[in-house]
Amino acid sequence: MHGVAYYAELHRSVSNMRDGDLLLFVDWRGDPDEQLLGEPGSEIARVLSRGAERGVDVRGLLWRSHLDRLQFSATENRHMGEDINAAGGECELDMRVRPGGSHHQKFVVLRHPGRPELDVAFVGGIDLCHSRRDDRDHHGDPQTQPMAKVYGKRPPWHDIQLMVKGPAVGDVETVFRERWDDPRPLTRDPLRLLGDRLRKDEPKRLRPLPPQLPDPEPVGEMPLQLLRTYPKRLPGYRFAPKGERSVARGYTKAIRRARRLIYLEDQYLWSRHVAETFAQALRDNDELRLIAVLPHHPDQDGYFSQPPNLIGRERAADILRQAGGDRVAFYGLENHAGVPVYVHAKVCIIDDTWATVGSDNFNRRSWTHDSEVSVAVLDEGYARGLRTTLANEHLDRAEGGEVELSTMFEAFAESARRLQQWHGVGRVGERPPGRLRPLAEPPLSPWTRIWATPMYRTLYDPDGRSAIQRLTRRY
């Protein structure tokens, strides 16, 4: 849970690596000076560089990214690679995406020849960058990225990463190897190539990876499955020539089987097609309920950035409310100071049986257009534990307590009602426990809807499927 715990475990694991070990990482954004332990010397680029200097084979793929002035991270991602390459590793910028798309995967794989018991993969929604190092109290990361003013000087950040051991480590490693070994050039953009040439950063041929080790032995009986998204593109990926949509297919299959409660946390809940998947399950089962924990506000201010975000979420919420009525609830989070918490987690838990954590959001972009990877876990103990841990945090209950599946919907509703009422009377008296408040959608003018809707559909939530798949509405 949260960047503080993940970063500390990552720092410990990487620091224990030695000559001959293999470290592979993929990221959407990387800030080389982000401190894993919140102290000098623990900067992510320095930690990885020290590993390379010890003889660890460090390889990385960072999304090439759009321009910094569009609130992306082209410069920081390039600097991350420069630091690691100078230490003897190999980290490159990867723009082998569909136009307007991104490599959105976030994972790290550590392999140890002769010490397979140490092999581990970290998979989820947490990038190696600013603003992610937060904890349960949600005071925010001192190293921040620019965000909407409503989130304050240190934006609180809610996120999750999985630590995976056993044979599934080999599956995560395969995801990296397929991208690394793809023979297509890292970029074909003539402007990017010109910029590289001016910086004397000529395109390189990636060095071959060492042979893949056998999968680590199982460490338990918890079955995992990797779900991925790759778009249909020209030229296609050698490992997914028609794209891949196992994220969409996995969710669709699991949601159809939901009977009691779907609990999700997500940065974006947008697409009509994605919302309709949940809506059909709600229509098919009168006992099914849905809880969605989402950001109170988009991450960026601005006349042209907020409305497309709000349009997509508003339409998805309308579809779900029409299908489920009062069996559907939407909440945002705040810390005890009343500052909104930005929900970046990508989590879905169904009936305390099936749970996912990964990089994909509940929108058409993540299901069809960008590269994504998630881990689905089919285990009642794990799903229940994850749901209970999240519920305890949001309700301000002690860690380790039980929140029953049958009472969680009402517990969230009552906690949010009390906190909203306390705000409504001017914060008079003692603040009630809990961090949940009902999600409020700000009104949008007719003119805003006219221009924001096509922008949302084409730029914010594009479709990466083939024409036939779009016509047949298949994934």
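The coordinates are above.
Our subject in this report is the structure included herewith. Note that the structure is a prediction, hence the values are computed from the model and not measured. (Residues numbered from 1 in each chain as written. Predicted model: local features only at pLDDT ≥ 70, side-chain atom pairs only at ≥ 80, totals over all residues. Heavy atoms only, no water.)

**With respect to a positive patch on the surface**
A grouping of Arg272, Arg315, Arg457 and Arg473 is seen on the molecular surface, where their side chains present a positively charged patch. Structurally, the position occupied by Arg457 is in helix H12 (residues 446-460). (Patch = residues over 30% accessible without salt bridge, like charges linked within 9 Å, V, L, I, M, F, W, Y side chains within 5 Å. Areas by Shrake-Rupley, 256 points an atom, 1.4 Å probe, with all protein chains shown as cover. Salt bridge = Lys/Arg side-chain N within 4 Å of Asp/Glu carboxyl O. Lys, Arg positive; Asp, Glu negative; His and termini not counted. Charge placed at Lys NZ, Arg CZ, Asp CG, Glu CD. Helix = DSSP H or I, 4+ residues; strand = E, 2+ residues; numbered from the N terminus.)

**With respect to the sheet that holds strand S7 (residues 161-164)**
Hydrogen bonds between backbone atoms are what pair the strands of a sheet, whose relative direction is either parallel or antiparallel. Within the open sheet, the six strands sit side by side as S3-S2-S1-S4-S5-S7. Their pairing is mixed. Two strands close off the open sheet at either side, each with one partner strand: strand S3 (90-94) and S7. When strand polarity is set aside, the average angle formed by the axes of neighbouring strands in this sheet is 10°. Across four bridges, the pairing between strand S4 (residues 107-111) and strand S5 (residues 120-124) is antiparallel. Bridging from a neighbouring strand, Leu110 pairs with Val120 of S5. Together, strand S1 (22-27), strand S2 (57-63), S3, S4, S5 and S7 form the strand contacts of helix H4 (residues 168-181), whose direction differs from that of S4 by roughly 110°. (Pairing = 2+ DSSP bridges. Axes fitted to C-alpha atoms, helices over the stretch in contact; angles between N-to-C directions. Contact = heavy atoms within 4.5 Å.)

**A word on unusual backbone geometry**
Residue Pro235 follows Leu234 across a cis peptide bond; omega there is -5°. The backbone of His2 shows a phi angle near 75°, a positive value even though the residue is not glycine. As for its position among the elements, His2 is in helix H1 (residues 2-15). Its identity is not glycine, yet Asp351 carries a phi of approximately 55°, on the positive side. Positionally, Asp351 belongs in the loop between strand S14 (347-350) and strand S15 (354-358).

**With respect to the packing of helix H7 (residues 272-284) against helix H8 (residues 306-324)**
Close contact between H7 and H8 brings their axes to 8 Å; oriented N to C, the two are set at 10°. With respect to H8, the axis of H7 lies roughly parallel. Residues Arg272, Ala275, Glu276, Phe278, Ala279, Leu282 and Arg283 of H7 form the contact with H8, whose participating residues are Ala316, Ile319, Leu320, Ala323 and Gly324. Looking at the contact of H7 with H8 residue by residue, the classes come out as eight nonpolar, one polar and three charged. (Parallel < 35°, antiparallel > 145°, perpendicular 65-115°, else oblique. Nonpolar A, V, L, I, M, F, W, Y, C, P; charged D, E, K, R; others polar.)

**Side note on the environment of Val26**
With respect to the helices, strands and loops of the structure, Val26 is situated in strand S1. Expressed as a C-alpha distance, the spacing of Val26 and Trp451, which sit 425 residues apart in the sequence, is 35 Å. Among residues more than four places away in sequence, those in contact with Val26 are Leu61, Gln105, Lys106, Phe107, Phe176 and Arg179.

**Remarks on a nonpolar patch on the surface**
On the surface, a nonpolar cluster with roughly 510 Å² of combined accessible area is contributed by Tyr303, Phe304, Trp447 and Ile450. Note that Ile450 resides in helix H12.

**Brief notes about the packing of aromatic side chains**
Within the structure shown, the criterion is met by 19 aromatic pairs. Residues Tyr6 and Phe122 carry aromatic rings whose centres are separated by 5.5 Å and whose planes lie at 50° to one another, so their mutual orientation is tilted. Here the residue Tyr6 occupies a position in helix H1, and Phe122 occupies one in strand S5, the gap between them amounting to 116 residues. When its relative accessible area of 6% is taken as the criterion, Tyr6 is described as buried. Its relative accessible area of 2% is what places Phe122 among the buried residues. A ring pair is formed by Phe278 and Phe362, whose centres lie 5.3 Å apart and whose planes are at 70°; its orientation type is edge-to-face. Residue Phe278 is found in helix H7, and its partner Phe362 is found in the loop between S15 and helix H9 (364-369); the two are separated by 84 residues along the sequence. We classify Phe362 as buried; its relative accessible area is 1%. Taken together, the ring pairs in this structure connect Tyr251, Phe278, Trp354, Phe362, Trp367 and Tyr475 into an aromatic cluster. (Phe/Tyr/Trp six-rings, centres within 6.5 Å; stacked < 30°, edge-to-face > 60°. Buried < 20%, exposed > 50% of the residue type's maximum accessible area, 1.4 Å probe, protein only.)

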